[in-house]
Amino acid sequence: MLRKKVCLVGYGSTEYSRKSHRPLLSYYAEAMQNAMAQTGITKKEINGFSMVTQASPDYSPYVAEQLGLELDWVLNGDCGGAGAVCAIRRAADAIEAGYLDVAFIVAGNAFDKNVAHQRVLEYQRANYVDVYGYGGPNTLFALVQRRHMEEYGTTLEQIGKIAVSQRFNAGPNPQALLRAPMTIEDYLNSRLISDPIRLFDCVMPCSGGECVVVASEERARQITDKPVYLVTDAEKIGFQASNMLPDKTVTGMSVVGEHLFSEMSRDNIDLLAIYDDYPIAVMMQLEDLGYCAKGQGGPFVDEHDLTFGGDFPVNTGGGEISVGQAGLAGGMLHVVEALRQLRGEAGERQVKAAETALVTGIGWLSYARNLNTTAALILERRS
Amino acid sequence: MAGKSLPVVNPVDREYWAAAAKGELRLQKCRACGVLQFFPRAVCTGCLGSDLEWVPVSGKGKVHTFSLCRVPRNRAFMDEVPICVAEVELEEGVRMVTRIIGDNRDQVTLGAPVTVTFMETEDPDIKLPVFELA
């Protein structure tokens, strides 16, 4: 389905740090303040608020109260790494329905002792995975990557090229915590964490926050002369959930891609912001989105230049594996990078003539499968 | 230091853990649609019905994928690394996340036949279904 009258009108980011004990809400607030400064929107004009989180000190209405917001719409975004993309979709639905015209969507992380990590029950993870001494998502992605390598002959060099290209992209990004140049040898020689996953496959948890502002077209035209339109969007939750012999290398993004590219040609996309908690996740999404056949992600990355000046720019700010993963701001980071590019605000790493971007979010690894939540947006700058 | 992770047994999976403690692997099967499923749930993933029974399975299967984990999430497991976390496809057509034990666990390959065994834990009432190379 094509969206008609929903725009992304601005964003705000905070500085990232390895470990900060600042209150989490101060990161939300700082990201919002920066978005307000960019857009000129005042607090009174914010009538929708979503907090994308899996570990906040309070529920979203309580957080809204602490921020002094009077709202017509509120949402606790709970789709994990796909949460930012999903919250933007929900906000777009509400804006199209006429319930509100300006929504601030925030996410962030801090090592805030007051944050109760509300791991609700996580029954299947707790009772049937953790008891075996697994290494968290590192092991769950290792189980996926092993299948991909054995089934399709994907090599560590091909997977590593994604990490190396993204590190190159992070070079000119002042927000990125990991900017030093990295070679494929550095990648291959990084220490094994849960084989075949090694250190430079893994995101680094950190503190930071991101905010994106979604508005009706009418308000967008008052707020900015650089409106970015939400063109189309889709999600798939629980892909293969009832299949006891699921295909570990195919994700819900295959369904999302079919929806998106029935509306627009994938060849019209100028840059991709692909959720990158691990390079193998990027490769599998490129396959599932139809940029190449399943299993051909390795040869595909061999044949393309993924850097911001290349023929197929992916994660032009370095992605989460270079910038750092500030909790679920990891998903928001990709939206913000796409907005920077489409608004021509990406500085040295600006992709030339960038008008259209694809942004994905993935999350909540499912038992013996892969991604429980998959979602994506196509964004377009229109003057 | 916190101990090694243990299941929090609940009414849905009590029978699974009780069987494992006796050295039996039992899975849920739907009487209505015949689906065999794992992990244990309140309902059938095939039809959303509640008419589930517990059936014994062979405990034989093949390695679908594995990882030798050097850095367990719960550091209490550090004394056992590398831990061979694996997914095993049972003969009956269901996959389980598990562990492959034994000194030959570094020789695990995809498709290797494995057999279930039951590992003692810090809780005398809980035994974990794990697998060995057959």
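These figures come from a predicted structure and were not determined experimentally. (Residues numbered from 1 in each chain as written. Chains lettered and ligands numbered in written order. Predicted model: local features only at pLDDT ≥ 70, side-chain atom pairs only at ≥ 80, totals over all residues.)

## Details of the overall build of chain B
Thought 1: The number of helices and strands found in chain B is 1 helix and 8 strands.
Thought 2: Put simply, chain B runs from its N terminus to its C terminus through helices and strands in the order α-β-β-β-β-β-β-β-β.
Thought 3: Over its C-alpha trace chain B gives a radius of gyration of 15 Å, about what one expects of a compact globule, namely 14 Å for 134 residues.
Thought 4: In terms of overall dimensions, chain B has C-alpha extents of about 45 × 35 × 25 Å along its principal axes.
Thought 5: Per-residue burial over chain B gives 34% buried out of 134 residues.
Thought 6: Residue pairs in contact within chain B that sit at least 24 positions apart in sequence constitute 50% of those at least 6 positions apart. (Helix = DSSP H or I, 4+ residues; strand = E, 2+ residues; numbered from the N terminus. Rg over C-alpha atoms; globule rule 2.2 N^0.38 Å. Buried ≥ 20, exposed ≤ 12 C-beta atoms within 10 Å, placed from the backbone. Contact = placed C-beta atoms within 7 Å.)

## Remarks on the domain arrangement of chain A
All names here are of chain A.
Thought 1: Assigned domains of chain A: these are domain 1 (6-118 + 207-230) and domain 2 (134-204 + 231-381).
Thought 2: Listed per partner, the contact involves 31 residues of domain 1 and 36 residues of domain 2.
Thought 3: Of all elements in the fold, only strand E1 (6-13), helix H3 (83-97), strand E4 (102-109), strand E7 (208-216) and strand E8 (228-237) reach the threshold of two or more residues within the side of domain 1 that touches domain 2.
Thought 4: Here the residues of the side of domain 1 that touches domain 2 are counted per class, giving 16 nonpolar, 11 polar and 4 charged. (Domains from an automatic or database assignment. Nonpolar A, V, L, I, M, F, W, Y, C, P; charged D, E, K, R; others polar.)

## With respect to the domain arrangement of chain B
Many descriptions give the size of an interface as the accessible area lost when the pieces come together.
All names here are of chain B.
Thought 1: Split into domains, chain B comes out as domain 1 (10-56) and domain 2 (58-134).
Thought 2: Between the C-alpha centres of domain 1 and domain 2 the distance comes to 20 Å.
Thought 3: Taken residue by residue, the interface counts 9 residues in domain 1 and 11 residues in domain 2.
Thought 4: Per-element tally for the side of domain 1 that touches domain 2: the top contributor is helix H1 (residues 14-21), with 3 residues.

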